[in-house]
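# Examining the three-dimensional arrangement
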Amino acid sequence: MNTTHYPRFRGLLVVTVLLLAAEVWAQGQRATQAALDQLDRQLRTAEELLAGNDDPTLRGMLEQAKQMRERAASEMRAGRHGQASTYIAAARRLLDQLTARLLHSPVQQLGERLEDLLRQAEQVVPGSGNSEAERLLAQARRQQRRAIEAQRQQRYQAAAEYYRVAIYLGKRAMELAQGTVRAGSERLEEAREQYQSLLAVAEERVARSDDPVARRSLEQARRHGMLAVRALQRGQTVLAWELYHQSIRLLLRSISLADGETPSTRERAEEEVERVGELMAEVSRQAADSQGPETRLLLQRGADLLARARRNLGAGAFALALQNAELAEGIAFRLMRRSSLQGETLALRAEEEVARLQEDIRQVQEMRAGQPGTDELVTQAERLQHLAEMALEQGRYRLALMWVLAGTRLLTPGLNGLQAGTVPTMAAQRIEELDRALEEVQAAGGVSDDRRALIEQARTLRAAAAHALERQQPGVSRSIAETALDLLSKARQPIE
């Protein structure tokens, strides 16, 4: 046997072992740091609960937990993750005992308050004809059951959180059933506090979960929360409340999924279509005074997707209804972000819109992959996105926005389904119309650099439309030709 390669093999083996050891150490470091962060949050909560309480025994328990925390941090810095975890676990047990002694009576009071509220809700919500109110009442009951179970296990802090959420949901259910609305400032402040409280819970639960949908729901909730803050800064209190309410529902979903609950596709679709419908209605009201073509196009796209989601829901196509609702929510989010950017620099708005076009392209690729014709629309949209990025780099922000609008228009049939009923003659007519428009613009002469760029891209799209028609894809051809016509229409207008 040839042994000349043994030293090399031993060297590779040593390197492999060292690399594996380094990875294991890094994983231990990350896990210990996550546990330490969780302990820090628990310490902050205990300090808040103890504010104004001078009981020496309780104070001593808090100080002991803090000392254990410092020992854990010291052990972690030394790379002794096992010892650090032992101190962290001991500190958390001590804080659990402390919290239980502080919260036992307040939690009992929350439970009684919730039971009174739900008793009233049961008198008005069932039979009210408001499906959303009935759904919220059912959610409130589920949160109550969780609270009772946590209370039985002496997890009083968790029980208090569940009770507060249930109270919020029960109040909202009664408002919907009775058609009443509390003072705007009162319900806005309650929703804001509930969002902040639930956000901390969701972040902790999702961090321990591998559920990708739970993580995505948490990210959606964070985005809605940031937009709520912007809406408040602009004095849009109704929109801010709606965004906080949407965030709370998303956080509840992320917590449920992270805890291992798996609602059926039908349940998820029904809840999502209802929720996004409320959101789109509020966004439409906020955008009612806007006459911009981009806003009108986005509103139409959102309305079309929501209508498609409702049709699919009624037809039992629950997965498709979910997809449509999620896309409609993305458009609503985009409209809200545009509203929040009013008064900001044109450069910032253009950057936001280019980033959103990129996200739209990704969504179409994921959700309509393999559908005939969609690939060509995505290819053209990607090219326009690239042009928008180049325009950004050159400081030509209005041109960048025009490329984004054209890319968005191309993606619309990719999201909603290609233009049904388009026959080859209809597509050919659009191409002929495009040819005439190109001749007219060319004859006019004297165009600026930005206008020239629009005309050149219209020509490029004209070639793509003709190619799609040759491949027997009239719906794709028509969509591309209409986008080119829109570019030429802009080329005839002054570009500020």
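Notes on the structure follow. These numbers come from a predicted model, not from an experiment. (Residues numbered from 1 in each chain as written. Predicted model: local features only at pLDDT ≥ 70, side-chain atom pairs only at ≥ 80, totals over all residues. Heavy atoms only, no water.)

## Quick look at the overall build of the protein
Along the backbone of the protein there are 17 helices and zero strands. In the protein, the proportion of contacts linking residues at least 24 apart, taken out of those at least 6 apart, comes to 74%. In the form shown here, the protein has an accessible surface area of approximately 24,500 Å², with 50% of it arising from carbon and sulfur atoms. (Helix = DSSP H or I, 4+ residues; strand = E, 2+ residues; numbered from the N terminus. Contact = heavy atoms within 4.5 Å. Areas by Shrake-Rupley, 256 points an atom, 1.4 Å probe, with all protein chains shown as cover.)

## A short note on the pattern of salt bridges
Taken as a whole and judged by the stated rule, the model has 29 salt bridges. Across the salt bridge formed by Arg222 and Glu203, the nearest N and O atoms sit 3.2 Å from each other. With Arg222 in helix α7 (residues 212-233) and Glu203 in helix α6 (residues 184-207), the pair connects residues that are 19 residues apart, well separated along the chain. Using a relative accessible area of 26% as the deciding quantity, one classes Arg222 as partly exposed. Across the pair Glu278 and Arg249 runs a salt bridge, and its minimum N-O distance is 3.3 Å. Here Glu278, found in helix α9 (residues 265-286), pairs with Arg249, found in helix α8 (residues 237-258); they are 29 residues apart in sequence, far enough to count as distant. Among the charged side chains, a salt-bridge network with shared partners connects Arg253, Glu272, Arg275 and Glu329. (Salt bridge = Lys/Arg side-chain N within 4 Å of Asp/Glu carboxyl O. Buried < 20%, exposed > 50% of the residue type's maximum accessible area, 1.4 Å probe, protein only.)

## Describing the nonpolar core
Counting 75 residues, the largest nonpolar core has Val107, Leu169, Leu198, Leu243, Ile248, Leu251 and Met336 as its most contacted members. For this core, the element with the most residues is helix α5 (residues 156-178), which contributes 13 residues. Here Leu243 is in contact with His224, Leu227, Ala228, Ala231, Leu279 and Met336, once residues within four sequence places are set aside. Counting 44 residues, the second largest nonpolar core, distinct from the first, contains Leu387, Ala391, Val476 and Ala484. (Core = buried A, V, L, I, M, F, W, Y, C linked by side-chain atoms within 4.5 Å.)

## A word on the layout of surface pockets
By volume, the largest pocket is sized at about 1,100 Å³. What lines the largest pocket is a set of 34 residues, and nearest its centre among them are Thr45, Gln157, Ala158, Glu161 and Val201. Residue assignment for the lining of the largest pocket shows that the elements contributing at least two residues are α1 (6-50), α3 (81-124), α5 and α6. Residue contributions to the lining of the largest pocket peak at nine residues, all from α6. Taken together, the residues that form the lining of the largest pocket break down as 11 nonpolar, nine polar and 14 charged. (1 Å grid on protein atoms, 1.4 Å probe; cavity = no way out; pocket = protein on both sides within 12 Å on 5 of 7 lines; lining within 4 Å. Points joined across faces, edges and corners; volume = space filled by probe spheres on them. Nonpolar A, V, L, I, M, F, W, Y, C, P; charged D, E, K, R; others polar.)

## Quick look at the packing of α9 against helix α10 (residues 293-314)
Where α9 contacts α10, the two axes come as close as 10 Å, and the packing angle between them is 155°. It follows from the interaxial angle that α9 and α10 lie roughly antiparallel. Handedness of the crossing formed by α9 with α10: left-handed. Contact with α9, carried on its side by Ala269, Glu270, Val273, Val276, Gly277, Met280 and Ser284, involves Leu299, Gly302, Ala303, Leu306, Ala309, Arg310 and Leu313 of α10 and no other residues of that element. (Axes fitted to C-alpha atoms, helices over the stretch in contact; angles between N-to-C directions. Parallel < 35°, antiparallel > 145°, perpendicular 65-115°, else oblique. Left-handed = near helix turned anticlockwise from the far one by under 90°.)

## Section: helix α17 (residues 474-491)
With 18 residues, α17 ought to run about 26 Å at 1.5 Å a step, and its terminal C-alpha atoms sit 26 Å apart, in line with that. In terms of burial, α17 is a largely internal element, 17 of the 18 residues being buried. (Expected span 1.5 Å × (residues − 1).)

## Digging into empty space enclosed by the protein
Under the definition given, this model contains six cavities of 30 Å³ or more. In this structure, the largest cavity spans a volume of roughly 60 Å³. Considering the residues around the largest cavity, the lining is formed by Gln143, Arg146, Ala158, Glu161, Tyr162, Val165, Leu198, Val201, Arg205, Leu252 and Ile255. Where the lining of the largest cavity is concerned, the elements lending two or more residues are α4 (131-152), α5, α6 and α8. Examining the composition of the lining of the largest cavity, we find that four residues originate from one element, α5, more than from any other. For the lining of the largest cavity, the residue count by class is seven nonpolar, one polar and three charged.

## Considerations on helix α2 (residues 56-77)
Owing to its 3.6 residues per turn, the α-helix aligns residues three or four sequence positions apart on the same side. Taking 1.5 Å of rise per residue, the 22 residues of α2 would be expected to cover 32 Å, and the 32 Å separating its terminal C-alpha atoms lies within 8% of that figure. Positive backbone phi, approximately 85°, marks Gly79, located one or two places after α2.

## Notes on the packing of aromatic side chains
Under the definition given, this model contains one aromatic pair. Aromatic pair Tyr195 and Tyr244: ring centres 5.5 Å apart, planes at 45°, arrangement tilted. With Tyr195 in helix α6 and Tyr244 in helix α8, this residue pair connects regions lying 49 residues apart in the sequence. By the burial criterion, Tyr195 is buried, and Tyr244 matches it. (Phe/Tyr/Trp six-rings, centres within 6.5 Å; stacked < 30°, edge-to-face > 60°.)

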